[in-house]
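Topology and contacts: notes
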Amino acid sequence: MIKLTQNIISILVLVLLSNYSFGKNISKSIRIIDGDTIVLNSKKIRFHGIDTPETHQKCKNDKGILYACGLRATKELRKIIGTNKVICQKKTTDRYRRSISVCFVNGKDINSLMVKSGWALAYRKYSNDYIKEEEEAKKKKIGLWAGQFIPPWKWRRLKR
């Protein structure tokens, strides 16, 4: 009876573990493209519900001096991820065939952390998920909110 119970428990653990990873992309290899895009296990992933300055985008700090805010947002993402394992939950696919996902590091929502730190904006065109975090960063005047910037979606339109 004890042997049968142990076997059942072992099977249940295996089933639970296989269900946990189903539909998720767990990092084996990761490359950070910019503040809201990564390549995880050879798959390009765009973070759901947020938008960060483009790599070549410039913003003004609190003293009115131009700085590379796109590179700064990428630096923040590198800091958040560090050497930790990243797990992404796919929500959809965009027109560029990228996976649109919510990603996690140490159980924390990376998308949310980027907005809370002020280096990403809630991308209201596609989601209302991170508005509260944006309002918090704006109120604290941190990240982009410490100075002046053009929202990334407007900056891209101006560059076309």
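Conventions we followed
- Residues numbered from 1 in each chain as written.
- Predicted model: local features only at pLDDT ≥ 70, side-chain atom pairs only at ≥ 80, totals over all residues.
- Heavy atoms only, no water.
- Core = buried A, V, L, I, M, F, W, Y, C linked by side-chain atoms within 4.5 Å.
- Buried < 20%, exposed > 50% of the residue type's maximum accessible area, 1.4 Å probe, protein only.
- Helix = DSSP H or I, 4+ residues; strand = E, 2+ residues; numbered from the N terminus.
- Pairing = 2+ DSSP bridges.
- Phe/Tyr/Trp six-rings, centres within 6.5 Å; stacked < 30°, edge-to-face > 60°.
- Disulfide = S-S within 2.5 Å.
- Salt bridge = Lys/Arg side-chain N within 4 Å of Asp/Glu carboxyl O.

1. Thoughts on the nonpolar core
- Counting residues in each nonpolar core, the largest one holds 30 residues, and the members touching the most others are I38, L77, V86, C103, I110 and M114.
- At the level of secondary structure, the elements contributing two or more residues to this core comprise β3 (37–40), β4 (43–47), α2 (69–81), β8 (86–93), β9 (99–105), α3 (110–116), β11 (121–122) and α4 (131–140).
- With five residues, the top contributor of residues to this core is α2.

2. What about the pairing of β3?
- A two-sided burial pattern is seen for β3, the buried positions comprising T37 and V39 on one face and I38 and L40 on the other.
- Inspection of the sheet shows strand β2 (residues 30–34) paired to β3 by four bridges, in the antiparallel sense. Bridge pairing links I30 to L40 in β3.
- Both β3 and β4 contribute to a ladder of four bridges, which runs antiparallel. Note on β4: the bridge partner recorded for I38 is I45.

3. Re the packing of aromatic side chains
- Applying the stated criterion across every chain yields a total of four aromatic pairs.
- Consider the rings of Y123 and W153, whose centres lie 5.4 Å apart with planes at 15°: the pair is stacked. Of this pair, Y123 sits in the loop between β11 and α4 while W153 is found in helix α5 (residues 152–159), placing the two residues 30 residues apart along the sequence.
- W153 sits in the partly exposed class, given a relative accessible area of 26%.
- Here W145 and F149 contribute two aromatic rings whose centre-to-centre distance is 4.9 Å and whose plane-to-plane angle is 85°, an arrangement assigned as edge-to-face.
- With a relative accessible area of 17%, W145 lands in the buried category.
- Grouped by ring-pair contacts, the aromatic residues Y123, Y126 and W153 constitute a single cluster.

4. Some thoughts on the state of the cysteines
- The tally for this structure, following the rule as stated, stands at two disulfides.
- Note on cysteine connectivity: C59 is disulfide-linked to C69, with sulfurs 2.0 Å apart. Residues C59 and C69 are joined by a disulfide whose S-S torsion is about 60°; by sign, that bridge is right-handed. Taken together, the residues span a long stretch of sequence, with C59 in strand β6 (residues 59–60) and C69 in helix α2 at a distance of ten residues. The exposure classification of C59 matches that of C69, with both residues buried.
- Disulfide pairing places C88 opposite C103 at an S-S distance of 2.0 Å.

5. Some details on the pattern of salt bridges
- Counted under the stated rule, the structure contains ten salt bridges.
- Salt-bridge contacts for K79 lead to E76; the nearest nitrogen and oxygen are separated by 3.7 Å. Residue K79 and its partner E76 are both found in helix α2; the two are separated by three residues, about one turn of the helix.
- Connected through shared salt-bridge partners, D36, R46, D51, E54 and R156 make up one network.

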